[in-house]
Structures are given as C-alpha cells and as structure tokens.
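# Structural features, examined
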Amino acid sequence: MFSVLSLSEFDIENTENRGGTRRDLEPAAKMNAIYNQPLHRYAVFTACCTFVLLIAGALVTSNDAGLSIPDWPLAYGSLTPPMVGGIRYEFTHRVIATCVGLLTIGLAAWLWRAEKRDWMRWLGLAALGGVIAQGILGGMTVRMFQPPPVSAAHATLAQLFFSTVVAIAVFTSSWWNGTFAEIDDPGKPRVRTLVVWTLAAVFLQLILGAAFRHKGFGIIPHLIGAVIVTILIFMTAGALKRRFADVSALRNCARYLHILIGVQLLLGGGAYWSRLYSARFPQPIPAMVALTVVHTVTGALVLAVTLVTALISYRMLKPAHVVVGSASASEQVAH
Amino acid sequence: MKKTRLGMYSLAIGAFALAITGCGGNKQESTDNTAAPAAGAPAGKTVDPATAGEVTGSVKLDGTAPKAKNINMAAEPACSKARTSPAMTEEVVTGDGGALANVVVYVKSGLEGYSFPAPAAAVTITQEGCQYHPHVIAMQVGQNIDVINKDQTTHNIHPIPKDNREWNESQPPGAAPIEKSFSREEIAIPVKCNVHPWMKAYMAVMPNPDFQVTDKDGKFDLKNLPPGTYTLVAWQELYGSSDPQTVTIGPKETKNVTFTFKAAAAAGD
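Residues numbered from 1 in each chain as written. Chains lettered and ligands numbered in written order. Predicted model: local features only at pLDDT ≥ 70, side-chain atom pairs only at ≥ 80, totals over all residues. Heavy atoms only, no water.

### Focus on the overall build of chain B
A count of helical and extended segments in chain B gives two helices and 17 strands. For chain B, the proportion of its 269 residues judged to be buried stands at 47%. Partitioning the contacts of chain B with sequence separation of at least 6, the portion at a separation of at least 24 is 67%. Summed over all atoms, the accessible surface of chain B reaches about 12,700 Å², with 53% contributed by carbon and sulfur. (Helix = DSSP H or I, 4+ residues; strand = E, 2+ residues; numbered from the N terminus. Buried < 20%, exposed > 50% of the residue type's maximum accessible area, 1.4 Å probe, protein only. Contact = heavy atoms within 4.5 Å. Areas by Shrake-Rupley, 256 points an atom, 1.4 Å probe, with all protein chains shown as cover.)

### So, the pattern of salt bridges
All names here are of chain A. In the structure shown here, the tally under the stated rule is twelve salt bridges over all chains. Between Glu-90 and Arg-94 there is a salt bridge; the shortest N-O distance is 2.9 Å. Highlighted residues: Glu-90 and Arg-94, both in helix 3 (residues 85-114), separated by four residues, approximately one helical turn. Judged by its relative accessible area of 12%, Arg-94 is buried. Here Asp-185 and Arg-243 are joined by a salt bridge, their closest N and O atoms 3.0 Å apart. Taken as a pair, Asp-185 in the loop between strand 3 (179-181) and helix 6 (191-213) and Arg-243 in helix 7 (residues 220-243) lie far apart in primary sequence, 58 residues in all. Summarising the burial analysis for this pair, Asp-185 and Arg-243 share the class buried. (Salt bridge = Lys/Arg side-chain N within 4 Å of Asp/Glu carboxyl O.)

### As for the packing of helix 2 (residues 37-62) of chain A against helix 3 of chain A
If you want to describe how two helices pack, look at the angle between their axes and the distance between the axes. Residues and elements named next belong to chain A. Where helix 2 meets helix 3, the closest approach of the two axes is 9 Å, and the angle between their N-to-C directions is 160°. In terms of orientation, helix 2 lies roughly antiparallel with respect to helix 3. Helix 2 and helix 3 meet at a crossing whose hand is left-handed. A per-class count over the contact of helix 2 with helix 3 returns 20 nonpolar, six polar and one charged. (Axes fitted to C-alpha atoms, helices over the stretch in contact; angles between N-to-C directions. Parallel < 35°, antiparallel > 145°, perpendicular 65-115°, else oblique. Left-handed = near helix turned anticlockwise from the far one by under 90°. Nonpolar A, V, L, I, M, F, W, Y, C, P; charged D, E, K, R; others polar.)

### Considering the sheet that holds strand 6 (residues 145-149) of chain B
All names here are of chain B. Strand order in the open sheet formed by four strands is 4-3-6-9, with mixed pairing between adjacent strands. Among the strands making up the open sheet, the edge pair consists of strand 4 (131-133) and strand 9 (178-180). Strand-to-strand twist of the sheet, defined as the mean angle between neighbouring strand axes without regard to direction, takes the value 20°. Pairing geometry for strand 6 and strand 9, over three bridges, is antiparallel. When the bridges of strand 9 are listed, Asp-146 appears paired with Glu-179. (Pairing = 2+ DSSP bridges.)

### Quick look at the confidence of the model for chain B
Residues and elements named next belong to chain B. A residue-level look at chain B finds 82% of positions with pLDDT of 70 or above and a mean pLDDT of 86. In the predicted structure, residues 11-42 sits below a pLDDT of 50 and forms 65 contacts with residues beyond four places in sequence or in another chain. Quick note on the complex model: pTM equals 0.83, ipTM equals 0.81. (pLDDT = per-residue confidence, 0-100.)

### Quick notes on the state of the cysteines
All names here are of chain B. For the coordinates displayed, the defined rule picks out one disulfide over all chains. The disulfide that involves Cys-79 links it to Cys-130, with 1.9 Å between the sulfurs. Since a negative S-S torsion denotes a left-handed disulfide, the Cys-79-Cys-130 link at about -70° is left-handed. Residue Cys-79 is found in helix 2 (residues 77-80), and its partner Cys-130 is found in the loop between strand 3 (123-128) and strand 4; the two are separated by 51 residues along the sequence. Cys-130 shares its class with Cys-79; the two are buried. This cysteine, Cys-193, is not joined by any disulfide, and Cys-130 carries the nearest cysteine sulfur, 7.6 Å off. (Disulfide = S-S within 2.5 Å.)

### Concerning the packing of aromatic side chains
Any two aromatic rings considered together are summarised by their centre-to-centre distance and by the angle between their planes. Counted according to the given criterion, the structure contains 14 aromatic pairs over all chains. Their ring planes at 65° and their centres at 4.9 Å tell us that Phe-171 of chain A and Trp-176 of chain A sit as a pair that is edge-to-face. This pair shows no difference in class: Phe-171 of chain A is buried, exactly as Trp-176 of chain A is. An aromatic cluster of three or more residues is present, and its members are Trp-119, Phe-171, Trp-175 and Trp-176 of chain A. Over the aromatic face of Trp-112 of chain A sits the side chain of Arg-121 of chain A, whose NZ or CZ is 4.5 Å from the ring centroid. The side chain of Lys-180 of chain B reaches across the aromatic face of Trp-167 of chain B, ending 5.0 Å from its centre. (Phe/Tyr/Trp six-rings, centres within 6.5 Å; stacked < 30°, edge-to-face > 60°. Lys NZ or Arg CZ within 6 Å of the ring centre and 35° of its normal.)

Structure (structure tokens):
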C-alpha cells in the first residue's frame, strides 16, 4: 500500500491528456514551504502501525477472542495477563492499540504545533478524537459482551480512523504540497464525481461487512454491496485508465484499484466458503482465520486506495465549473 | 497562545488516558446468586411421595450420527499435555443401538401449581483437559452451579443466555470454584471459553426438578411425579427440541416414553 503513499511515484509526467489540452506539469520537487519531511514520515509510520492494528483486530474477531479477557482496561486485573490461547490475540491488540493511541497523540500535537493549514491541525485533533472514541468502543465491546451494534461500530470506526491517518499522510507529502497544473477531465461522469461515489460505497460496504462479521446482519446486504462496489470501482478505474493513461499518478490508482478489487472478491468468496465449511468444526480453523483476516484488511486497503485516488483526483483534476481546455488558472498550490 | 497550546495538549493526553484507563472499576456485574424464587414455582402444592409415579424411557437417534471431529490442541501445550486420549467434539454422542447422550428430557407442562424450591446442593461443571465435563448440564432455576478449573491453564467461562443475565469470568489454574445461578427458565444456554474457542457446553435451566440429561445409554427416569397428565420434551444441541409427548400417570404408576431424533434433521457434516 505504501507504494501508493510513497508519493514520489506520483510525479507527474509532462503529458498530453485525452482531452486534447497539452499541459506542462511541474515536477513534484517544486513544492512550497508547507512540506515537512519528518512530519510526513511520522504520519506514514502512524498509518503503517494503524494497518498492523487492523490486522491484530481482525485476528481477535476471527479467533473469537474478543472476550478472552473479561475485564477492561486492565487484563485479568493486571498489565501482564497469562499469554495463553485467545488472550494472546486480545492482549496484543490492546497493546498495539495503545501504541497507536500514543502515536496519534504525537501526530496531533505535531500537527497542531507545526502545521500552517488550520484544517490540518483540526484533522489531527479529529484523528485523536477518533482513536479515543475507538478505545472507548473497544472497552464497551468487552464490558457489554460484544453487542453487534457496538462491535460493528468499533470495526467501522477503525476503518474511519485508518482513512484519517492515511489522509494526513497524503496531505503532508511533498507531492501534495508541490506545485503543478490541473488537468481537464473531458469525460462524463467526471472522475471527481465517480470517485466520491465509489469511496462512499466502499465505506458502506465495510460497515456491512463488519455488521455481518459481528452477527448484526446476514450476508445478503454485504453481497449486494460487493456488486455495487465492484461496478463503481471498475467505472472509476476504467475512466482513469481511458482518460489519463499518460498521467502516472492516476494510472497507478486505476491499476491498484483493479488489482485490489479482484483480490478482494476472491478473498471474500474464500472467506465465506471457509466460514460455511468450518461452522461445525472445533474452532479456530486456521484456513478460515487466515482468509477472513486477509479479506478484512484487504477491505481496509481498498478503502485507503480509493481515498488516495479521490484525493489525487481532487488535487489534479479541474473541478466541473472550470471550462475544459481553459488556459487560465492551471497552476495550483496546495492549501 | 502558548497557554492555549499547553491546554490543548493536556486535554488531548487526558482524554486518551481516560480512554485507555477507563471510567470506572472493572468489577464484573454478573452474578445471579440473589436469584428470585423459581419462575413458574410460586408457593403451591408439594408432591406427595406416597402417590408419586415416574416416567422412564430412552432417547434414540434414527440414522447415522455425524462423525465426531478431532480437536487440535497442539497450540496449547497445557491442554494437549493434560489429555490422556484424543479430544473429540461432543455435538452428537451415541451409544449402543443409537442411544443418544447429552439430551435434556424434561417436563414442559403439567406441574403448574406445584412449588419446587431450588435444591441446596449445587451442580458442578469442570474444565479438565480443556473441555467441559459434563458437556450438557441441567439445573433448576435458582440452583447453584459451581464451575471448577482442573487445568493448568487459564479459562474464561462465558454463558450466552437469551433470557438470563450474561456473564463472563476468568478462572486461572487453582482458582476457587466460581459459584453462579440463573434466575429464569432457559433451554439451553450455550457456554464457551474465548481463550480456547473449541470449548463448548450447554446449561439447561429448568423450572421444576423433573428433568434429566441422558448418558450414553440414552435412558432417563423422571421420578416423584404426582398423578396427572404431563407434556414431555427432549432437547439436543444439534437437533433442537423434539415433538412434545403427552403422558398420563396414575398413583404410583410408571410409564415408558421413547424419543427419537432423526439424524437427517440437522445439516450433514
């Protein structure tokens, strides 16, 4: 994923887009004073740790270990519970969550101190609020014996928090803070519109998946969601490929979206089959756990890549109200 | 400005600390030990032993039982070392001639108006070799159940009732028995250990003392029933509840009832 976030890959080529308007796009190296490399690296590190946390959380659910530690915030009344069976998954999840919480405090503080963009400072605080709320929801799942709405909310907020940290990593990158020209989007519907619908559908699909995993819904809503998400991703990625074949950033987004949705569909089928097949076997069944965990975290990757695609599209493509082919106002600096 | 920033940092750290340390104690509010008197057992008549009869019988499985599955405990040495025989699932346990074990046979109706105080003696479920013994246990409403851990590993005991209060408690090796009871009739409450997810058991909570869990011989014997007409039901974890059977007994009379579950009634393995 972090080849996606490693934004050097998104250097923009001098290109002639399919709209017929040739634009000399400035290299990413030409950036304004907002870029802060240590802060960006810290944000990327926090996003990586959050991804590890998502894996740990998925392992807890798939191993049915969420209630293996009956108390919270302590574990068996101490900070060092016996590391046996499901306790290993649950306690590791709690430790990584605490680390991510501390990293997020650092991130929010750093943004508050160093960022010139007000909205970025508030985004840092939003991330902090998200991780605090996530911790409280995690505690509620334990104390309330995993009621489906609370468990599904915990799983959903995890994805939202991950998205927020990924967005912060993008917004602090040299690429985002560089100076370059906007590109016309000659097609209909516009990529900017398509990608927002796709992002919303992916997020809704993750909620449906979480609700299914936590026994709030059956599989049908999640299957319908899969069809809708697949169609939207193919429409978005197809539009990017057709219209911006020469723009590496957008072309790469399309490629990652295609790969991820294909992998995710296969994993989803495999995870559901393994669940049906192993329902009456003594748990945990390693194949079921592996397929379900990979399916869950690949869902998070689909969300992250869709979000990055949306951000890149909004950064690079002209909004609808700007006349296609207009020679004016093509250089833009991040705000 | 500096003060504002300091305030923001303090607020952020304080809020996160609150999140990870929690807002209150961690004492589990779970016990039903102060259970109300047995539901369905208001003060009423008592059974006269001089006229009481009984219902005996057996429970059988018609068809081939699904094969028990091997439980792999290799990842938990404390469990695998405690085993003298391979651990197998106990979803369907049969004896000779299709006799079905772990079936709760109980009087569903016919005892209304009688009073049955909860027995003073507790029933016991033991965690040994990382399995529950017995796999299915029945008790009366308000009767105590002692949960014992004989393993050299930590378990958590987590019943998931629909009508009673849910609880989840840990039990390290050598810990004192956990004593609980349930205040409402319920058949049957699934019990699991989230530390060792293959560990499963069922607890049936009955409104009267006329119930029994079958052994491998599939037999049951419901004693001390006053003369009258009763509806009997058998419950098994995979096959669910049987069709009710009605039986009438006179003073000192013994009647025989057979329950038969069809193996095809549940999804095949």
